[in-house]
Protein chains: 2
Amino acid sequence: MKNCIVAQSGGPTAVINASLAGVIRGVIASQEIDKIYGAVHGIEGVVNDDLIDLSSIFYKDSRINRLVHTPASYLGTCRHRLPLEDDNAEVYEKIYKTFDKHNIGYFFYIGGNDSMDTVDKLNKYAQKIGSDIKFIGVPKTIDNDLAVTDHTPGFGSAAKYIATSMREIVLDSQVYDIPTLTIVEIMGRNAGWLTAASALARSERHKICAPHYIYLPEVAMDVDKFVDDMVKAVKKHRNVVVAVSEGVKDKDGRYICEGGTPGETDAFGHTQLTGTAQALAHEVRKKMDIKIRAIEFSLLQRSSAHIASLTDVNEAIEIGEFAVSAAIDGATGVMIIVKRLSTNPYIVELCTFNVAEIANVERKVPLEWITKDGNDVTNDVVEYIRPLLEGESYPRFKHGVPHYITRHASNT
Amino acid sequence: MKNCIVAQSGGPTAVINASLAGVIRGVIASQEIDKIYGAVHGIEGVVNDDLIDLSSIFYKDSRINRLVHTPASYLGTCRHRLPLEDDNAEVYEKIYKTFDKHNIGYFFYIGGNDSMDTVDKLNKYAQKIGSDIKFIGVPKTIDNDLAVTDHTPGFGSAAKYIATSMREIVLDSQVYDIPTLTIVEIMGRNAGWLTAASALARSERHKICAPHYIYLPEVAMDVDKFVDDMVKAVKKHRNVVVAVSEGVKDKDGRYICEGGTPGETDAFGHTQLTGTAQALAHEVRKKMDIKIRAIEFSLLQRSSAHIASLTDVNEAIEIGEFAVSAAIDGATGVMIIVKRLSTNPYIVELCTFNVAEIANVERKVPLEWITKDGNDVTNDVVEYIRPLLEGESYPRFKHGVPHYITRHASNT
């Protein structure tokens, strides 16, 4: 009987470990796969033969349950992009050395765009060398920017955090009898799904009409027009709250924040965006002498398992389990996708899809879901997002703080 | 039968409306007080006769329950400090005009230091003019800096948010195999209670030893020493997370953030502190070329009712109810205080205390609860804070977002 490896890649989410738990459960329930190993720091752990025997840690349901509710990547993660074989054949040889050594028949990679590229490359390499190892992509990203699938695990919980925190900020912003402007910056370099989720903070019934404006990266931002929007909004609503994507760019494609704070490049060559809200606040201050606050949700929006969406958590587990069944059924070079059959009632089904058509494609918010003025989203996006937030999945607390599990101390 | 007024003042908290709900419940249960009015925007609402009839809104338990779980000041708030009578007698006359018009016998003021000063002044004025209106202070502040009382409602929930979010940030910070530094900025101009609460994110059993350092405003910060701490910590722990109070100052009493970002003054003359973490990150970057992130909890830490402490919520309600009983029993010029009888098991009792001795006094973290190096807290402060976080008080959710109540739409 063959063993399998599972790994996590890219930025963490509140439910990336629920996906891992799903894969573990799937393997435990199967008759076809023996042991499950976790690769530490994504594909790097496979290259370096840095594996953990997950079977010996998660033999108890109670441990798997704690894993389900723990945010951030239990196994560690990476942004390592697998090179083309022509550029570095040695990496592929090392990977297969690990596979051979541990009698691996299946590899599950939990991640986003870059990770699907790795799954695709490994699958093509396997075909070339005649290996029958199955490579399955398990979708994960708060950005919700994977192609083909209706949505991605991680997005629902981040969206729930954003809608909830935004509503709390809106209530807080209205308590003083003075005009105020609050600019909230939300993650998303190129896709505005998370920023769009701030619209769910609104409630017509409770007269919560903020955030008053929402700016996605899909539409070029004219900073003068933005300042103008703010001045008018404060005149009309007095206490104004707006949501802006960290990735908003001007018409020439330059990040707005680059003007405000020196752009930093992260360790992976991506521009580290921060300070978009601050840069915009700075511009508005030139025109309006009122209290202006810039808030960044920062890491909180991707790691807040304490307010995860039950729908998201359950789907993450199911997709993990489905990935195992699909692999056993012979699928390879595929990612598990979610097909939405109906929004109301919310019904989805899981399928497999050729990973080559998903890798390296970025799915953005359709322009018809953004208002003509480019400063709000339509109701369609709200209806699309709403079911993904449904239900609360709370971690167990101990002494008032969530009782999370870590790789460094798995035995407690 | 006399009526009463209740008002909210100062910065909002996650449980300031639980205090309000307690006062409303106390009045509804009493035989001695007829109607309860809410003054809009604190004492300003009394001066301007801007009152809401709360009896007609909160006649149903289900509404009171929603109020309990709604963050930010339902009635609106202010930072209006009542002038001395000698400076502005007209304000006092206006206040009494409102009192007379509505047949007021009791005034409950939910707030912090400044608000207790108002209660004290109103009480002294009443004594002078021979009024028998009772003035009661109901404590509220996330800063936990009120004198005499063991702690203040609002602190426990903010502390729970901070410990929880800090633990989530710590897990998130450890996922990549590269050295990182995360500096988290926490509210507290002069008192470091909230920043100290970040220590509760640690868990020896789970090998979570971050935040590695904690810097309170009670101790002067030497920026060179701070940078040195960071360099050593990254060498030792690789992924370092530290907590700093927004109010840390150098040995000459200058805010650290003043060097980093231009200091802004808020509408109330207080220096608006922001950018302390960023200013410090900037200093560390000069010495270390690693990924450094600055995170501010900002408004989130005071408005996150979605993760309120059950102990805090229950105490806020009880203190509100107790305030009504005390007033009916004839108390005036007092604030309700919490006396801790035991930490383990946690037992407290409520009493009244002369508000004149509480107003304008700031209670800081005792220096013996801060380590000698000034970069951590002792276990005593952890033991003191722990019971205040105990238990979870979740709001009801609707369509995945908390179902809060607002003054603008109370009838839904």
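Residues numbered from 1 in each chain as written. Chains lettered and ligands numbered in written order. Predicted model: local features only at pLDDT ≥ 70, side-chain atom pairs only at ≥ 80, totals over all residues. Heavy atoms only, no water.

This next bit is on the overall build of chain A. Each helix and strand counted, chain A has 13 helices and 17 strands in total. With respect to the three principal axes, the spread of C-alpha positions in chain A is 70 × 50 × 40 Å. In chain A, once contacts between residues fewer than 6 apart in sequence are set aside, the share between residues at least 24 apart is 76%. Only carbon and sulfur atoms are counted for the fraction: they give 46% of the accessible area of chain A, which is about 14800 Å². Averaging the positions of the 45 positive and the 54 negative side-chain charges in chain A gives two centres separated by 5 Å. (Helix = DSSP H or I, 4+ residues; strand = E, 2+ residues; numbered from the N terminus. Contact = heavy atoms within 4.5 Å. Areas by Shrake-Rupley, 256 points an atom, 1.4 Å probe, with all protein chains shown as cover. Lys, Arg positive; Asp, Glu negative; His and termini not counted. Charge placed at Lys NZ, Arg CZ, Asp CG, Glu CD.)

A word on the sheet that holds strand 8 (residues 239–245) of chain B. All names here are of chain B. Strand order in this open sheet of four strands is 7-8-6-11, and the pairing throughout is parallel. Edge positions in the open sheet fall to strand 7 (213–215) and strand 11 (291–296), since each of these has one partner strand only. Mean inter-strand twist for the sheet, computed between neighbouring axes without regard to direction, equals 15°. As paired strands, strand 7 and strand 8 are joined by three bridges and run parallel to one another. (Pairing = 2+ DSSP bridges. Axes fitted to C-alpha atoms, helices over the stretch in contact; angles between N-to-C directions.)

Looking now at the packing of aromatic side chains. For the structure shown, the criterion picks out 29 aromatic pairs over all chains. Taking 5.1 Å as the distance between ring centres and 80° as the angle between the ring planes, the aromatic pair formed by Tyr96 of chain B and Phe99 of chain B counts as edge-to-face. Note that Tyr96 of chain B and Phe99 of chain B are positioned in helix 4 (residues 89–101) at a spacing of three residues, about one turn of the helix. In this structure, Tyr96 of chain B and Phe99 of chain B share a single accessibility class: buried. Relative to Tyr384 of chain B, the ring of Trp193 of chain B lies with its centre 5.3 Å away and its plane at 45°, an arrangement referred to as tilted. Taken as a pair, Trp193 of chain B in helix 7 (residues 193–197) and Tyr384 of chain B in helix 13 (residues 379–385) lie far apart in primary sequence, 191 residues in all. Of the residues examined, Trp193 of chain B reaches a relative accessible area of 1% and is grouped as buried. Among the aromatic side chains, those forming a connected cluster through ring pairs are Tyr92, Tyr96, Phe99, Phe107, Tyr109, Tyr125 and Phe135 of chain A. (Phe/Tyr/Trp six-rings, centres within 6.5 Å; stacked < 30°, edge-to-face > 60°. Buried < 20%, exposed > 50% of the residue type's maximum accessible area, 1.4 Å probe, protein only.)

This brings us to the pattern of salt bridges. Residues and elements named next belong to chain A. Enumeration over the complete set of coordinates arrives at 38 salt bridges over all chains. Taking the shortest distance from any N to any O, the salt bridge between Lys232 and Asp228 comes out at 3.3 Å. Of this pair, Lys232 and Asp228 both sit in helix 8 (residues 223–237), four residues apart, which is roughly one turn of the helix. Arg254 is the partner of Asp250 in a salt bridge, and the nearest nitrogen-oxygen pair spans 3.2 Å. What makes Asp250 buried here is its relative accessible area of 18%. Salt bridges sharing common partners tie together Arg81, Asp114, Asp117 and Lys121. (Salt bridge = Lys/Arg side-chain N within 4 Å of Asp/Glu carboxyl O.)

The subject of this paragraph is the side chain of Ser198 of chain A. Within the secondary structure, Ser198 of chain A is located in the loop between helix 7 (193–197) and strand 7 (213–215). Ignoring any residue separated from it by four or fewer positions in sequence, one finds Ser198 of chain A in contact with Ile162, Met166, Ile186, Pro211, Ile214 and Ala243 of chain A.

Another aspect to go through is the interface of chain B and chain A. Contact residues are listed per partner, giving 73 residues for chain B and 73 residues for chain A. Buried surface at the junction of chain B and chain A, both sides included, amounts to about 6500 Å², of which 57% is carbon and sulfur. Contact with chain A buries area across many residues of chain B, yet Glu168, Tyr176 and His206 of chain B alone supply 11% of it, more than any other trio. On inspection of chain B and its partner chain A, the count reaches two salt bridges. A salt bridge links Arg302 of chain B to Asp172 of chain A; the nearest nitrogen and oxygen atoms lie 2.7 Å apart. (Buried area = accessible area lost by both parts, 1.4 Å probe.)

Counting 185 residues, the largest nonpolar core has Leu54, Phe108 and Ile385 of chain A together with Leu54, Phe108 and Ile385 of chain B as the members making the most contacts within it. Setting aside residues no more than four positions away along its own chain, Leu54 of chain A makes contact with Val6, Leu20, Ile24, Ile36, Tyr37, Gly38, Tyr74 and Leu75 of chain A. (Core = buried A, V, L, I, M, F, W, Y, C linked by side-chain atoms within 4.5 Å.)

Volume-wise, the second largest pocket comes out at about 500 Å³. Along the wall of the second largest pocket there are 20 residues; nearest its centre are Arg167, Arg202, Ser203, Glu204 and Arg386 of chain A. At the level of elements, helix 13 (379–385) of chain A together with strand 17 (401–402) of chain B are the ones that each hand at least two residues to the lining of the second largest pocket. (1 Å grid on protein atoms, 1.4 Å probe; cavity = no way out; pocket = protein on both sides within 12 Å on 5 of 7 lines; lining within 4 Å. Points joined across faces, edges and corners; volume = space filled by probe spheres on them.)

Before going further, it helps to examine the packing of helix 4 of chain B against helix 5 (residues 113–129) of chain B. Any two packed helices are characterised by the angle at which their axes cross and by the distance between the axes. All names here are of chain B. One can describe the packing of helix 4 onto helix 5 by two numbers: an axis separation of 12 Å at closest approach and a directional angle of 80°. The angle between helix 4 and helix 5 places the two elements in the roughly perpendicular class. Touching Tyr92, Glu93, Ile95 and Tyr96 of helix 4 are Lys121, Leu122, Tyr125, Ala126 and Ile129, all from helix 5. Residues belonging to the contact of helix 4 with helix 5 are distributed by class as follows: seven nonpolar, no polar and two charged. (Parallel < 35°, antiparallel > 145°, perpendicular 65-115°, else oblique. Nonpolar A, V, L, I, M, F, W, Y, C, P; charged D, E, K, R; others polar.)

Right, let's get into the packing of helix 1 (residues 16–29) of chain A against helix 3 (residues 61–68) of chain A. Residues and elements named next belong to chain A. As a packed pair, helix 1 and helix 3 sit with axes 7 Å apart at the nearest point and diverge in direction by 150°. Relative to helix 3, the element helix 1 lies roughly antiparallel. Of helix 3, the residues touching helix 1 (which contributes Asn17, Ala18, Leu20, Ala21, Ile24, Arg25 and Ile28) are Ile64, Asn65, Leu67 and Val68. For the contact of helix 1 with helix 3, the residue count by class is eight nonpolar, two polar and one charged.

For the pair chain B and chain A, the superposition axis carries a translation of 0.0 Å, the fit reaches an RMSD of 0.0 Å, and the rotation angle comes to 180°. These values place the two chain copies in the arrangement generated by a two-fold rotation axis. Among all residues of chain B, the one whose C-alpha sits closest to the rotation axis is Glu296 of chain B, at a distance of 3.8 Å. When the interface residues of chain B are mapped onto chain A, 100% of them are again interface residues, pointing to one common binding face. (Least-squares fit on C-alpha atoms with pLDDT ≥ 70 in both.)

All names here are of chain A. Here we have seven strands laid out as an open sheet, ordered 3-2-1-4-5-13-14, and mixed in their pairing. If you trace the sheet from one side to the other, it starts and ends with strand 3 (51–53) and strand 14 (346–354), each paired once. Averaged over all pairs of adjacent strands, the angle between their axes in this sheet comes to 30°, without regard to strand direction. As paired strands, strand 4 (residues 104–111) and strand 5 (residues 134–139) are joined by six bridges and run parallel to one another. Bridge pairing links Ile110 to Val138 in strand 5. On top of the sheet, helix 5 (residues 113–129) reaches strand 4, strand 5 and strand 13 (334–343); it is set at about 170° to strand 5, its chief contact.

On the secondary structure map, Pro217 of chain A appears in the loop between strand 7 and helix 8. Here the alpha-carbon distance between Pro217 of chain A and Tyr59 of chain A, two residues 158 residues apart in the chain, equals 44 Å.

This part is about the domain arrangement of chain A. Residues and elements named next belong to chain A. When its domains are assigned, chain A resolves into domain 1 (3–141 + 149–154 + 305–361 + 392–409) and domain 2 (155–302). Taken over C-alpha atoms, the centre of domain 1 sits 33 Å from the centre of domain 2. Taken together, the contact between domain 1 and domain 2 spans 15 residues of the former and ten residues of the latter. Note on domain 1 versus domain 2: buried area summed over both sides is about 1100 Å², and carbon and sulfur give 57% of it. Of the charged contacts in the structure, one is a salt bridge between Lys160 and Glu392, with a shortest N-O distance of 2.7 Å. Looking at the side of domain 1 that touches domain 2 residue by residue, the classes come out as six nonpolar, six polar and three charged. (Domains from an automatic or database assignment.)

Residue and element names in this part refer to chain B. Spanning 13 residues, helix 4 covers 18 Å between terminal C-alpha atoms, matching the ideal 18 Å at 1.5 Å per step. Looking only at helix 4, the buried set comprises Val91, Tyr92, Ile95, Tyr96, Thr98 and Phe99. With its buried residues spanning 155° around the axis, helix 4 presents them on a single face. Those residues of helix 4 that are exposed and aimed more than 90 degrees away from the buried face are Lys97, Asp100 and Lys101. Close packing links the buried residues of helix 4 with strand 1 (2–8), helix 2 (43–47), strand 3 (51–53), strand 4 (104–111), helix 5 and strand 5 (134–139). Positive backbone phi, at 55°, marks Asn103, one or two positions downstream of helix 4. (Expected span 1.5 Å × (residues − 1). Arc of directions from axis to C-beta.)

So, on to the side chain of Glu315 of chain B. Residues and elements named next belong to chain B. For Glu315, the location among the structural elements is in helix 12 (residues 310–328). Buried within the structure, Glu315 lacks any salt-bridge partner; its nearest side chain of opposite charge belongs to Arg340, at an N-O separation of 7.7 Å. Polar contacts involving the side chain of Glu315 include one to the side chain of Tyr346, which spans 2.5 Å. Those residues in contact with Glu315, other than ones at most four positions away along the chain, are His151, Tyr346 and Val348. (Polar contact = N/O pair within 3.5 Å; in protein donor to acceptor, adjacent residues only side chain to side chain.)

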